[in-house]
Protein chains: 2
Amino acid sequence: MTRRLSDVSAPARLASPGEGLGADELALAARNHGLPLEAMRYDLTPPGLHYVLTHYDIPHLPDDPDRRLTVNGRVRRPLSLSLEELRAHPCVTTRVTMECAGNGRALLTPRPVSQPWLVEAVGTAEWTGVPLRLLLTEAGVEPDAVDVVFTGADHGVERGVEQDYQRGLPLHVALGEEPEVLVAHAMNGAPLPPQHGSPLRLVVPGWYGMAHVKWLREITVVDTAFTGFQQSVAYRLRQVPEEEGEPVTRIAPRALLIPPGFPDFMSRTRVVSAGPVTLEGRAWSGRAPVTSVEVSTDDGLTWRSAVLEPGRGHRWAWRRWSFTWPAAPGDHVLSVRAHDGVGNSQPLQQPWNRGGFANNLVQRVPVFCPDPADMT
Amino acid sequence: MTRRLSDVSAPARLASPGEGLGADELALAARNHGLPLEAMRYDLTPPGLHYVLTHYDIPHLPDDPDRRLTVNGRVRRPLSLSLEELRAHPCVTTRVTMECAGNGRALLTPRPVSQPWLVEAVGTAEWTGVPLRLLLTEAGVEPDAVDVVFTGADHGVERGVEQDYQRGLPLHVALGEEPEVLVAHAMNGAPLPPQHGSPLRLVVPGWYGMAHVKWLREITVVDTAFTGFQQSVAYRLRQVPEEEGEPVTRIAPRALLIPPGFPDFMSRTRVVSAGPVTLEGRAWSGRAPVTSVEVSTDDGLTWRSAVLEPGRGHRWAWRRWSFTWPAAPGDHVLSVRAHDGVGNSQPLQQPWNRGGFANNLVQRVPVFCPDPADMT
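The rules behind these values
Residues numbered from 1 in each chain as written. Chains lettered and ligands numbered in written order. Predicted model: local features only at pLDDT ≥ 70, side-chain atom pairs only at ≥ 80, totals over all residues. Heavy atoms only, no water. UniProt positions renumbered as here; feature names shortened; annotations may be inferred. Least-squares fit on C-alpha atoms with pLDDT ≥ 70 in both. Contact = heavy atoms within 4.5 Å. Domains from an automatic or database assignment. Buried area = accessible area lost by both parts, 1.4 Å probe. Salt bridge = Lys/Arg side-chain N within 4 Å of Asp/Glu carboxyl O. Polar contact = N/O pair within 3.5 Å; in protein donor to acceptor, adjacent residues only side chain to side chain. Helix = DSSP H or I, 4+ residues; strand = E, 2+ residues; numbered from the N terminus.

Named according to an unreviewed UniProt entry, chain A is Sulfite oxidase originating from Streptomyces galilaeus. UniProt's Cofactor (unreviewed entry) comment on chain A is quoted here verbatim: "Mo-molybdopterin".

Next up, the structure:
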């Protein structure tokens, strides 16, 4: 019997109890990558350390004066802009902490089978681009507009559906100023690297990564709610497959700590010396500014306040926090949790949904502090 | 009972039959990363796409005029050089394809439990630095010198042994011109990124990655063979743990192809349209120049010659190859293999050792070509 496309592209599934990571998950883990947590020491993540997730292949879009970004659909004056024409528009630069919606997925029980992130799918960059609302105003949005659809140049098949990667935003978000959505052409002052969407990507500060469409080639204003695969099938919060589910949107609060001391190569267990240890890390929320950060050094039993540094005007970027821990010999589990200004905080019990999305369970970092008498 | 350092740092082991990837392997896969294979289209791997493996944490070594690279041990005039003083020496720039010694490990049966690479632990960069032999000549190597030991600033524990990462080279290799070993301070014309060894790393063209010591801080000439952990315990070719084993040194030949068509997100199965498909990729060997590349489109049953592009003077860099494949509807497995000038080639049966090192088994890329009559 002849095979069809749907035969090589399976439905989503959950791992069985005790099922180790499969070859498919490893293939994703080997090509995508997280932020090594010690790189949280940098306000801006150095090139190559920012998390990367690409659904399909990284498209190759070399400099080409004929390449156009189009703005079309329910607009009075469709636009077709070369990269040079786009860059000639007024630009802004915004510091943004971006996080994958699937961050934390591989720690869930049962584990949704997909890109197996632990907690490191995050990074912070300064994105320079043209505010989307300027482009939409230039094009003249028709009064019946509902959503704005963004199409990337990346092409693949997912659960049987062949597609260019597409996501939509409600019109009021696309035109909004809090956050201000950008069509970005630079990352940390340089042209976008291939894996971050060269030459153009959408940046939606405060939203999970799936909204920041890379390799952006078309912006379409539509008069009905967008129901493409990445909007209505993927990136929904569901307990059972039949549910319509809630859409994944803004980033839930999260704090992470830089694992202190030094690691064992294989187990990644941390080893610290007895005495005062400065714990530090970052905290962020796409829903409201982070208002406080707490640290636990006894596996979540008790919590104490960390020192949270001011945001310095970077509303959409992570903030540094620190805490001095008097490490005593023995085994410890360190955790940290963030609270934001509208009452969101991080749960101690896993929030679970079938996609493993928007999971902000507190981080657990096992640390071993040897008895000085045992050290040679 | 009090735990000791060796309790959190286990011996090497092999995965049981059918054992999926564990949390420890995933923790390594999430922080290290390979080259997305489509990035082989670039002669020089763009920043952030070159493979990265760090044993421990990435050290933070900010600019500091007091930081020194020392050259000491069995030398007549020990050196202590600031970065600026090092840069004032004569420099060369060499294009180097670097590959992790553990590339391919996760495909082995049984699977050595360690960083779980598939085939993508590779990348090509131009490294600028001072030839090591100039520094050794400046320091004046004593006649009883045997090995040169390189110490990085990265610190951790591995199989119970706390250590700074250290590797040695025989004196004749350290002083050699084929390859010419570099103390590199620039990668692709820019200062080294943190994850590639900032501010200094060793580059040993043609050798597997473990020799290219990152965060290099000390060079020590010794009068006995170096027997540090990464020389005598790790990075040896062994069938059983008791064996002394052969050292891992130069890169065995390998060719890889860019998976054609487009992928399924989860299975990574490739989908191509029927008709002529240009297959392309790269081939390299650290042992001798690559002399030919062959392609199989029937899972290794038959092989035909690919077109191999000239090396253009870059002896230590990969070379592009291409092949036109008339894709017919159905399922196919594509493979490619390289042969080098001293008779090495890639095996069709897995070469196995307990560390999963220097494994250059041919790549297998399953491809599905739908029947045009089935396409909507």
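A. Structural context of the relation of the copies chain A and chain B. Rotating chain A by 180 degrees about the axis while translating it 0.0 Å along that axis superimposes it on chain B, leaving an RMSD of 0.0 Å. Taken together, the turn and the small shift mark the pair as related by a two-fold rotation axis. Most of the interface of chain A is mirrored in chain B, where 100% of its interface residues are also at the interface.

B. Expanded view of the domain arrangement of chain A. Residue and element names in this part refer to chain A. Split by domain assignment, chain A resolves into domain 1 (5-247) and domain 2 (254-374). Each of domain 1 and domain 2 has a C-alpha centre, and the two are 27 Å apart. Of the roughly 3100 Å² buried where domain 1 meets domain 2, counting both sides, 58% is carbon and sulfur surface. Taken together, the connections running from domain 1 to domain 2 amount to 2 salt bridges. Close ionic contact of arginine 254 with glutamate 99 constitutes a salt bridge, the shortest N to O distance being 2.7 Å.

C. Here's a closer look at the interface of chain A and chain B. Contact residues are listed per partner, giving 65 residues for chain A and 65 residues for chain B. Taken together, both faces of the contact between chain A and chain B bury some 5800 Å²; the carbon and sulfur share is 62%. At the junction of chain A and chain B, the tally comes to 4 salt bridges. Across the salt bridge formed by Asp57(B) and Arg270(A), the nearest N and O atoms sit 2.6 Å from each other. Counting across the chain A and chain B interface gives 27 residue pairs in polar contact (both at pLDDT 80 or more). Elements represented by at least two residues in the side of chain A that touches chain B include exactly helix 1 (23-31), strand 5 (147-158), strand 14 (262-263) and strand 15 (270-271) of chain A. Ranked by residues supplied to the side of chain A that touches chain B, first place goes to helix 1 of chain A with 8 residues.

D. Looking closely at the UniProt feature "domain: Moybdenum cofactor oxidoreductase dimerisation" (unreviewed entry) in chain A. Feature annotation in UniProt assigns "domain: Moybdenum cofactor oxidoreductase dimerisation" (unreviewed entry) to the following positions: residues 274-367 of chain A. Secondary structure across residues 274-367 of chain A comprises 0% helix and 47% strand; the distance between its end C-alpha atoms is 11 Å.

E. Examining the pattern of salt bridges more closely. Enumeration over the complete set of coordinates arrives at 34 salt bridges over all chains. Arg320(A) is the partner of Glu280(A) in a salt bridge, and the nearest nitrogen-oxygen pair spans 3.0 Å. In this pair, Glu280(A) sits in strand 16 (residues 275-284) while Arg320(A) sits in strand 20 (residues 319-327), placing the two residues 40 residues apart along the sequence. Taking the shortest distance from any N to any O, the salt bridge between Arg217(B) and Asp164(B) comes out at 2.5 Å. With Arg217(B) in strand 10 (residues 216-222) and Asp164(B) in strand 6 (residues 161-170), the pair connects residues that are 53 residues apart, well separated along the chain. The structure contains a network of salt bridges with shared partners spanning Glu280(A), Glu309(A), Arg312(A) and Arg320(A).

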